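Report on the structure
Letter by letter, the chains look like this.
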Amino acid sequence: MPSRTVSTLCAALITTFVCTSTAAFAADYPAPKQSDWIAKDFKFHTGHVMPELKLHYTTIGEPTGQPVLVLHGTGGSAQSMLTPVFAGELFGAGQPLDATKYYIIIPDALGHGKSSKPSDGMKTAFPKYNYDDMVDAQHRLLIEGLGIRHVRMVIGNSMGGMHAWIWGTKYPDVMDALVPMASQPTEMSARNWMMRRMMIETVRADPDYKDGNYTSQPGMIKYASVMYGIATAGGTLAYQMLAPTGAAADKNVDDRLKTPFVADANDFIYQWESSRDYNPSAGLEKIAAVVLAVNAADDERNPPETGLMDAALKRIKNAKLLLIPASTETRGHLTTGGAKLYKQQLQELLQTAPQRTM
């Protein structure tokens, strides 16, 4: 669930339709705590070694609770998961991930938030990273930084969902339950990658980008992001409700373009390009956790009509799909940002998934 890039400009959809009923929400879970950890001699998939890689992370609850790893979406950070419609539905007393019982760990992914990223100073000299690197960094934070070798659950949304699939195939013994949302365990392809590629190319083609050595942010980054957001997130019925006339559609676009946009262009390109070689499908049989995949039927980036998800789940020992039907309450790719739509199934998963140890 991105925060200050694409989803900043999708915020009108989320706020108007999802958050209205929770506008007065006050968090009833323990206050989040932020920390940093330095991974020494971090090796990227390219072979490049960074002597010190900073990983920022947020925790909720106490280390004595059962650990749960929560993973955010592209362009986001731990803060983008601390929303009323996600954290407010899950982390409070009596809720599925009650933070008085669970120890919730939300890393800022490599290249995101307050973790190491190109805009820290290296610009395009920053090593090229991919999703495997990002998951390896999260794994090192968990094992070396926090001394945690096993978690009750790994749950992620959008990019975080894709990271969750990699966790399940690369580190199958680390978790009891795996909840990848708004994602598929299949090769990055079709419209999903085509739109990402066009967004990246649009920014690079802006004369103000200057091969990454810009002195001010290229203006086309906002337009590329708005276009991507409209094309790949929001839901057909929700858009019809939001913009039923040409005038309403124009106003929505105008509002998006007026929204402050603070993303750094190099960070932005790295974040989206890191998905280029995503493809965990070869390792699906290795997944040992109980899997609850959560997708929306109107998800523009992961359309169920392809049958890719159904075919993938058949290869996993214990997996099922919760496909949220399209309705006026769903928001396409943004649907899984609202936990009320699956919190009951999440509770049931936590109650029934066997506890395993490494």
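For the structure itself, look to the data block above.
What this report covers is the structure whose coordinates are included nearby. (Residues numbered from 1 in each chain as written. Predicted model: local features only at pLDDT ≥ 70, side-chain atom pairs only at ≥ 80, totals over all residues. Heavy atoms only, no water.)

**Points about the pattern of salt bridges**
Pairs can form between side chains of opposite charge whenever their charged atoms are close. Rule in force here: Any Lys or Arg side-chain nitrogen located within 4 Å of an Asp or Glu carboxyl oxygen qualifies as a salt bridge. When a residue's accessible area, from a 1.4 Å probe over protein chains only, is under 20% of the maximum for its type it is buried; when over 50% it is exposed; and in between it is partly exposed.
Scanning all chains against the criterion turns up 14 salt bridges. A salt bridge links Arg276 to Glu273, with the nearest nitrogen and oxygen atoms 3.4 Å apart. For Glu273, a relative accessible area of 18% translates into the label buried. Among the charged side chains, a salt-bridge network with shared partners connects Asp132, Asp136 and Lys170.

**Brief notes about unusual backbone geometry**
Rules: A run of H or I in DSSP becomes a helix once it reaches four residues, and a run of E becomes a strand once it reaches two; helices and strands are each numbered from the N terminus.
One non-glycine residue, Ala190, lies in the positive phi region at around 50°. The topology assignment puts Ala190 in helix 5 (residues 190-205). Located in the positive-phi region is Lys210, a residue other than glycine, with phi close to 55°. In this structure, Lys210 sits in the loop between helix 5 and helix 6 (220-232). Residue classification places Lys210 among the partly exposed positions, given a relative accessible area of 47%.

**Overview of the nonpolar core**
To keep things clear, this is the line we draw: In this description, a nonpolar core means a group of buried Ala, Val, Leu, Ile, Met, Phe, Trp, Tyr and Cys residues linked to one another through side-chain atoms lying within 4.5 Å.
Formed by 62 residues in total, the largest nonpolar core has its most connected members in Leu53, Val154, Trp165 and Trp167. Formed by 32 residues, the second largest nonpolar core is a distinct cluster that contains Ile104, Ala177, Val179 and Leu346.

**Remarks on the sheet that holds strand 8 (residues 319-324)**
What counts here: DSSP bridges decide pairing: two strands pair if at least two such bridges lie between them. The axes are straight lines fitted to the C-alpha atoms, using for helices just the contacting stretch, and the angles between their N-to-C directions are given from 0 to 180°. Two residues form a contact once any of their heavy atoms are found within 4.5 Å.
Ordered by their spatial adjacency, eight strands build an open sheet running 1-2-4-3-5-6-7-8, and the pairing between neighbours is mixed. The two strands at the open ends of the sheet, each matched to only one other strand, are strand 1 (33-43) and strand 8. The sheet shows a mean angle of 20° between the axes of neighbouring strands, direction not considered. Looking at chain direction, strand 7 (residues 290-296) and strand 8 are connected through six bridges and run parallel. Looking across to strand 8, one finds that Leu292 is bridged to Lys320. Each of strand 1, strand 2 (49-60), strand 3 (66-71), strand 4 (102-107) and strand 5 (151-157) is contacted by helix 3 (residues 131-145), which is oriented at about 115° to strand 1, the strand it contacts most.

**Topic: helix 9 (residues 265-273)**
Note the cut-off: Each polar contact in these results corresponds to two N or O atoms within 3.5 Å; when the atoms are within protein, one needs to be able to donate a hydrogen and the other to accept it, and residues that are neighboring in sequence are counted only if both atoms are side-chain atoms.
Summarising burial for helix 9: nine of the nine residues are buried, a large majority. Among the residues of helix 9, Ala265, Asn266, Asp267, Phe268, Ile269, Tyr270, Gln271, Trp272 and Glu273 are the ones counted as buried. Summarising the contacts, the buried residues of helix 9 are in contact with helix 5 and helix 6. Between the side-chain oxygen of the N-cap and the backbone nitrogen of Asn266 there are 3.1 Å, and the N-cap of helix 9 in question is Asp264.

**Quick notes on the pairing of strand 4**
Burial within strand 4 is extensive, with six of its six residues counted as buried. Across the two faces of strand 4 the burial is the same, with Tyr102, Ile104 and Ile106 and Tyr103, Ile105 and Pro107 all buried. Pairing analysis gives four bridges linking strand 2 to strand 4, with the strands arranged antiparallel. Bridge pairing in strand 4 places Tyr57 opposite Pro107.

**Some remarks on the packing of helix 6 against helix 8 (residues 246-258)**
This is how the line gets drawn: For classification, angles of less than 35 degrees are called roughly parallel, those exceeding 145 degrees roughly antiparallel, those between 65 and 115 degrees roughly perpendicular, and all remaining angles oblique. Each crossing is labelled by how the near helix is turned from the far one, with a counterclockwise turn of less than a right angle marking it left-handed and a clockwise turn marking it right-handed. Gly falls in the polar group here, along with every residue not listed as nonpolar (Ala, Val, Leu, Ile, Met, Phe, Trp, Tyr, Cys, Pro) or charged (Asp, Glu, Lys, Arg).
Following both chains from N to C, one finds helix 6 and helix 8 inclined at 135°, their axes separated by 10 Å at the closest point. On the basis of their axis angle, the class for helix 6 and helix 8 is oblique. Judged by the sense of rotation from one axis to the other, the crossing of helix 6 with helix 8 is right-handed. Each of Lys222, Tyr223, Val226, Gly229 and Ile230 in helix 6 lies in contact with helix 8, whose residues at this interface are Val253, Arg256, Leu257 and Lys258. Tallied by class, the residues present in the contact of helix 6 with helix 8 amount to five nonpolar, one polar and three charged.

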